[in-house]
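Each chain is listed here by its residues.
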Number of protein chains: 6
Amino acid sequence: MPYVKIELTREGVTREQKQTLIKGVTDLIVNTLNKDPHLTHVVISEVELDDWGYAGEQVSVLREKGITADKK
Amino acid sequence: MPYVKIELTREGVTREQKQTLIKGVTDLIVNTLNKDPHLTHVVISEVELDDWGYAGEQVSVLREKGITADKK
Amino acid sequence: MPYVKIELTREGVTREQKQTLIKGVTDLIVNTLNKDPHLTHVVISEVELDDWGYAGEQVSVLREKGITADKK
Amino acid sequence: MPYVKIELTREGVTREQKQTLIKGVTDLIVNTLNKDPHLTHVVISEVELDDWGYAGEQVSVLREKGITADKK
Amino acid sequence: MPYVKIELTREGVTREQKQTLIKGVTDLIVNTLNKDPHLTHVVISEVELDDWGYAGEQVSVLREKGITADKK
Amino acid sequence: MPYVKIELTREGVTREQKQTLIKGVTDLIVNTLNKDPHLTHVVISEVELDDWGYAGEQVSVLREKGITADKK
């Protein structure tokens with residue numbers, strides 16, 4: 001009985017990327033724990049940049065300063 | 001001190017249905033656990049169909065295939 | 001696709017009361033929204049009294065002062 | 001590794017108030033627990049008034065009756 | 001800024017399986033969304049079988065009846 | 001109607017520190033948003049080190065390597 005919640009900042013995640021995340025997380029759980037995929041739910045929640053704080057600052061402010069969350 | 005979160009796919013739930021859920025869950029908790037209703041909060045969260053995955057697929061895709069979540 | 005989380009202070013909730021909550025919430029959702037019960041998950045989470053704060057005080061402190069959450 | 005979720009009814013919270021909440025919660029955790037702020041995330045989630053139930057009633061209904069959540 | 005919560009029934013998940021889930025989810029997000037792994041947190045929450053309800057029944061009851069969540 | 005969830009790794013947080021967090025978050029919300037404290041709930045959730053993943057590794061493994069979350 002797995003339930004997974006993925007919270008992300010809302011920064012242009014596409015429908016295809018969401019499908020990749022849902023399929024990938026489900027397969028990972030099914031393969032690692034041998035769970036029935038029909039008992040596995042994944043919920044994605046996109047968060048506005050004003051609503052996510054990191055190190056005490058809104059992500060919207062960090063982005064205005066040119067600070068990204070991209071992999072280096 | 002109960003707090004309840006109800007997550008649903010966003011598929012036309014009406015204001016009246018939300019009120020039925022809120023009243024029903026609150027009464028259930030008050031009657032089962034003898035809790036003060038003024039300490040009972042219920043939050044409903046509707047999730048877009050692209051954002052809910054079931055068995056590795058987006059619910060939006062399942063709906064396009066004619067697969068519903070209706071009671072049989 | 002409903003998922004419900006019920007958070008309660010850990011104060012002697014019995015297995016039977018949990019079953020009553022799970023059955024009651026599931027029936028409420030099935031009847032109100034016409035959802036398939038096999039797509040409905042309910043998770044109960046009991047919270048220690050030191051870990052729940054109400055009006056700025058730990059519930060454990062409120063209970064020591066004789067303040068309960070019982071219905072009047 | 002702290003993660004904080006703040007759920008509020010959507011009633012005109014400003015960008016500046018959100019920044020105050022994010023900065024305040026982060027400072028509180030950093031000072032109380034001596035945590036690195038770069039490991040502290042805060043997420044604010046605003047909830048529509050139809051979607052928050054208190055004592056069995058939708059907050060939207062309570063507001064129509066003139067009942068507020070303001071400090072007295 | 002991703003945060004992921006994985007809720008599972010407590011049924012003997014090992015430390016190694018948890019590490020596989022954490023590594024797998026993090027890699028999936030980093031590769032799909034090009035996110036910095038140092039901004040990616042994953043939290044696993046194991047739920048007692050009395051506390052998880054499926055189709056209106058406690059999972060503990062389902063397990064006593066011989067109904068598992070295993071992949072077929 | 002605010003509800004706050006604070007998730008922390010379980011690393012010796014004391015009852016007094018929890019009270020400081022609960023009081024501090026409640027005061028912050030009451031003062032910033034002018035909310036009635038009797039409508040403000042705060043829940044602390046401590047997470048085992050094997051169950052929290054950061055940058056793809058369990059915090060328990062990071063701690064074994066001498067990597068802490070302390071403020072520098």
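The numbers attached to residues start from 1 for each chain and follow its sequence in the written order. The naming scheme follows written order: chains are lettered A onward, ligands numbered 1 onward. In keeping with the model being predicted, local features are shown solely for residues with a pLDDT of at least 70 and side-chain atom pairs are shown and tallied solely at 80 or more, while totals for entire chains, interfaces and linings include all residues. For side-chain calculations, the full set of non-hydrogen atoms in the structure is used, while hydrogens and water are omitted.

For clarity, the cut-off: UniProt positions are given in the numbering used here, feature names are shortened, and annotations may be inferred rather than shown by experiment.
The name that an unreviewed UniProt entry assigns to chain A is Tautomerase, with the source organism given as Mucilaginibacter gossypiicola. The UniProt entry for chain A carries the following text under Sequence similarities (unreviewed entry): "Belongs to the 4-oxalocrotonate tautomerase family."

Let's talk about the overall build of chain A
Rule in force here: Helix and strand assignments come from DSSP, with helices taken as H or I runs of at least 4 residues and strands as E runs of at least 2, each series counted from the N terminus. Throughout, radius of gyration means the C-alpha value; the globule benchmark is 2.2 Å times the number of residues raised to the power 0.38. Accessibility here uses a 1.4 Å probe with only protein chains present; expressed as a share of the type maximum, an area under 20% marks a residue as buried, one over 50% as exposed, and anything in between as partly exposed.
On a plain count of helices and strands, chain A comes out with 2 helices and 4 strands. Sequence-ordered secondary structure for chain A, helices as α and strands as β, is β-α-β-β-β-α. Against the 2.2 N^0.38 benchmark of 11 Å for 72 residues, chain A shows a C-alpha radius of gyration of 15 Å, more extended than a compact globule. A buried classification covers 58% of the 72 residues belonging to chain A.

Quick look at the relation of the copies chain E and chain D
Rule in force here: Our superposition of the copies is a least-squares fit, built on the C-alpha atoms of residues whose pLDDT is at least 70 in both. In what follows, a contact means two residues having at least one pair of non-hydrogen atoms within 4.5 Å.
Placing chain E over chain D gives an RMSD of 0.0 Å and needs a rotation angle of 180°, together with 0.0 Å of translation along the axis. Taken together, the rotation and translation relating the two chain copies correspond to the operation of a two-fold axis. In this assembly, 100% of the residues forming the interface of chain E have copies in chain D that are likewise at the interface, indicating an isologous arrangement.

As for the interface of chain E and chain D
In plain terms, the rule: Defined here as a combined quantity, buried area equals the accessible surface (1.4 Å probe) lost by two parts on assembly, summed across both. The working definition used for a salt bridge is a side-chain nitrogen of Lys or Arg within 4 Å of a carboxyl oxygen of Asp or Glu. Between N or O atoms, a polar contact is any pair within 3.5 Å; within protein, one atom must be a potential hydrogen donor and the other a potential acceptor, and residues adjacent in sequence are included only when both atoms are from side chains.
With 4 residues of chain E at the contact, the number on the chain D side is 4 residues. Where chain E abuts chain D, roughly 370 Å² becomes buried across the two surfaces, and 73% of that area is made up of carbon and sulfur atoms. Taken together, the connections running from chain E to chain D amount to 0 salt bridges. The interface formed by chain E and chain D contains 1 residue pair in polar contact (both at pLDDT 80 or more).

Re the UniProt feature "domain: 4-oxalocrotonate tautomerase-like" (unreviewed entry) in chain A
In the numbering used here, UniProt assigns the "domain: 4-oxalocrotonate tautomerase-like" (unreviewed entry) feature to residues 2–60 of chain A. Along residues 2–60 of chain A one finds 36% helix and 32% strand; the C-alpha atoms at either end are 33 Å apart.

Let's talk about the pattern of salt bridges
One pass over the full model with this rule turns up 66 salt bridges over all chains. Its salt-bridge partner being D:Glu7, residue B:Lys5 comes within 3.0 Å of it at the nearest N-O pair. Of the two residues, B:Lys5 is situated in strand 1 (residues 3–9) and D:Glu7 in strand 1 (residues 3–9); the pairing between them involves two chains. Its relative accessible area of 12% is what places B:Lys5 among the buried residues. Put simply, E:Lys18 and E:Glu46 hold a salt bridge, and the shortest N to O gap is 2.9 Å. Residue E:Lys18 is found in helix 1 (residues 15–33), and its partner E:Glu46 is found in strand 2 (residues 41–47); the two are separated by 28 residues along the sequence.

Thoughts on the sheet that holds strand 1 (residues 3–9) of chain C
As a general point, the strands of a sheet are linked pairwise by backbone hydrogen bonds and lie either parallel or antiparallel. Inclusion rule: At least two DSSP bridges between two strands are needed for those strands to be called paired. Axis angles are defined between N-to-C directions and span 0 to 180 degrees, where every axis is a line fitted to C-alpha atoms and, for a helix, only to the segment in contact.
Ordered by their spatial adjacency, 8 strands build an open sheet running 4(D)-3(D)-2(B)-1(B)-1(C)-2(C)-3(E)-4(E), and the pairing between neighbours is mixed. For this open sheet the edge positions go to strand 4 (57–58) of chain D together with strand 4 (57–58) of chain E, each flanked by a neighbour on one side alone. Where strand 1 of chain B meets strand 1 of chain C, 5 bridges bridge the pair, whose relative direction is antiparallel. Along strand 1 of chain C, the bridge assignment pairs B:Ile6 with C:Val4. Across the sheet, helix 1 (residues 15–33) of chain B touches strand 1 and strand 2 (41–47) of chain B, strand 1 of chain C together with strand 3 (52–54) and strand 4 of chain D, and the angle it forms with strand 2 of chain B is around 140°.

Quick look at the interface of chain A and chain E
It is common to give the size of an interface as the accessible area that goes away when the parts come together. Definition in use: The residue classification treats Ala, Val, Leu, Ile, Met, Phe, Trp, Tyr, Cys and Pro as nonpolar and Asp, Glu, Lys and Arg as charged. All others, Gly included, are polar.
Between chain A and chain E, the residue contacts involve 36 residues of the former and 36 residues of the latter. Summed over both partners, the interface of chain A with chain E buries about 3,100 Å², with 66% contributed by carbon and sulfur atoms. Per-residue buried area on chain A facing chain E is highest for A:Met1, A:Leu33 and A:Lys71; these three make up 22% of the total on that side. The tally of links between chain A and chain E comes to 2 salt bridges. When the shortest N-O distance is used, the salt bridge between E:Glu11 and A:Lys35 registers 3.3 Å. Put simply, chain A and chain E have 13 residue pairs in polar contact (both at pLDDT 80 or more) between them. Elements supplying a minimum of two residues to the side of chain A that touches chain E: strand 1 (3–9), helix 1 (15–33), strand 3 (52–54) and helix 2 (59–64) of chain A. Element by element, the count of residues in the side of chain A that touches chain E is highest for helix 1 of chain A, at 11 residues. Considering only residue class, the side of chain A that touches chain E consists of 20 nonpolar, 7 polar and 9 charged.

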